[in-house]
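Results of the structural survey
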Amino acid sequence: MFKKILIANRGEIAMRVIRTCREMGIKTVSVYSTADRDSLHVRFADEAVCIGPPSSTDSYLKIPNIIAAAEITNADAIHPGYGFLSENARFSKICAEHGIKFIGASPEMIDRMGDKATAKATMKKAGVPTVPGSEGILKDFEDAKKTAKKIGYPVMLKATAGGGGKGMRAIWKEENLQKAWESARQESKAAFGNDGMYMEKLIEEPRHIEIQIVGDSTGKACHLSERDCSVQRRHQKLTEETPSPFMTDELREKMGDAAVKAAEFIKYEGAGTIEFLVDKHRNFYFMEMNTRIQVEHPITEQVIDYDLIREQIKVAAGIPISGRNYYPKLHSIECRINAEDPYNDFRPSPGKVTTFHAPGGHGVRLDTNVYAGYVIPPYYDSMIAKLITTAQTREEAINKMKRALDEFVVEGVKTTIPFHRQLMDHPDYVEGNYTTKFMEDFKMK
Ligand code: MV4
């Protein structure tokens, strides 16, 4: 087992990893930028190393500085959290070259699942349902036109180096294809240095339902059931829940089996998530695979009473998983609390937190790095806390979320607490009757 883990991240996820390491008797090293000098993850770690100025490029993304911090503190493993370098193949490779265990996927796996057309072709070979569409990357515009005619409009054009909606275009009529083709490729080239595009049948009003999986070094994998992440704004998840209100026992079995089949086919090691699009007839299709721990992992932990970070560390240390699948025994909802103003287009609202009163009580979990007096820096993403409520039923979990949101007092900055409070009263949400289109019609009162 590792003696010392360096957490190459910040904020609530760095706190999350430190907590589990401490419970496992593993020493921790935090890294921080000069903007994060007063952050909790610096204070809670056994050691802390300043790795650069505020900008992520010169700190949390600066591989030589992070490796140097691991070397001088003699860390034997690095946990990358999510975002930053968590799905950076070069970082995974450099860790391996320095004899430091990267608690995440291998460089080959990151590259394979990071290239969306390759990931899809791999899943198809594994027998996982995929959206009908092009066989890999489109050769040129003529190929795109021919493929669209074959699939039948509407179609979805996607960037193979993309993900999270970047370089993606929905096309409803052939006359709009050329413009979409050119703008999507330009956007992808600019964002990823790769303009490879593939095409799929457009799935209308899909739900985004993902399956948590864990694979070990013996090639065994298991699933930990689903998370419904359909409530998103501009591809940013706002709230997630498990079980999905749209799920049936039969659909869960089929999606869980498909996810385990995929994980075992690619010999996946570690915690991963397979994202599916689910249409109104409950057909499900592979969308993307994430080779990192996700922001929303706590709802899964809550309903199956499981520590996913602990599992990641054990698998990275070569300890085999039990191999059984896990099914929700409770209902859990996560609300992502961002320092943003929901009354002004959710624009960021950094600054000093003057009052911070955390909700609590039975079934309430708050994963946060914020405290009264903390200055939320403008350099990083705006999420400041994840409020998670868990209860026997969905109705009780919603009720508990309302009560917890009413208790949650943050002053000095604007937050999305009022948005989540209104969401919990929204008839379609309360009915569980929502798809990825839900936020298009949502208006703050
Ligand atoms: C789709 C789709 C409809 N049909 N693919 C969005 C980002 C990336 N995860 C893939 N996404 C989509 N792919 C086909 N063939 C609709 C979306 C989509 C979406 C998916 C999940 C969650 C939110 C979304 C918001 C807009 C579009």
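Structure: above.
Presented here is a report on the structure given in the accompanying data block.

It is worth spelling out the nonpolar core at this point. Core analysis: the biggest nonpolar cluster contains 53 residues, and Leu6, Ile78, Phe91, Met255, Ile274, Phe276 and Met289 have the highest contact counts within it. Two domains share this core, each providing at least three of its residues, namely domain 1 (4-103) and domain 3 (207-440). Residues within four places of Met289 in sequence aside, it is in contact with Met113, Lys116, Met123, Ile213, Ile266, Tyr268, Gly272, Thr273 and Ile274. Val370, Met401, Tyr434 and Met439 belong to the second-largest nonpolar core, a separate cluster that totals 35 residues.

Attention now moves to unusual backbone geometry. Cis rather than trans, the peptide bond between Tyr153 and Pro154 has omega equal to 0°. Looking at where Pro154 falls in the secondary structure, it is placed in the loop between α7 (141-151) and β6 (155-159). The linkage connecting Thr242 with the following residue, Pro243, adopts the cis geometry, with an omega of -5°. In this fold, Pro243 is placed in the loop between β13 (239-242) and α9 (249-265).

So, about the site of the ligand. The ligand sits among 18 residues. The nearest are Lys158, Gly165, Glu200, Lys201 and Ile203. Within the contact set of the ligand, a nitrogen atom lies 2.8 Å away from a backbone nitrogen or oxygen of Lys201. A distance of 3.1 Å separates a nitrogen atom of the ligand from a polar side-chain atom of Glu288. The protein chains hide 89% of the 520 Å² of surface that the ligand would expose on its own. Those elements giving two or more residues to the shell around the ligand turn out to be β6, β8 (197-201) and β15 (284-290). Classifying every residue of the shell around the ligand gives eight nonpolar, six polar and four charged. Here the shell around the ligand spans two domains, since at least three of its residues come from each of domain 2 (132-201) and domain 3 (207-440).

Conventions adopted
Residues numbered from 1 in each chain as written. Predicted model: local features only at pLDDT ≥ 70, side-chain atom pairs only at ≥ 80, totals over all residues. Heavy atoms only, no water. Core = buried A, V, L, I, M, F, W, Y, C linked by side-chain atoms within 4.5 Å. Buried < 20%, exposed > 50% of the residue type's maximum accessible area, 1.4 Å probe, protein only. Domains from an automatic or database assignment. Contact = heavy atoms within 4.5 Å. Helix = DSSP H or I, 4+ residues; strand = E, 2+ residues; numbered from the N terminus. Near = heavy atom within 4 Å. Polar contact = N/O pair within 3.5 Å; in protein donor to acceptor, adjacent residues only side chain to side chain. Areas by Shrake-Rupley, 256 points an atom, 1.4 Å probe, with all protein chains shown as cover. Nonpolar A, V, L, I, M, F, W, Y, C, P; charged D, E, K, R; others polar.

So far we have only geometry, and geometry alone does not tell us how the molecule works.
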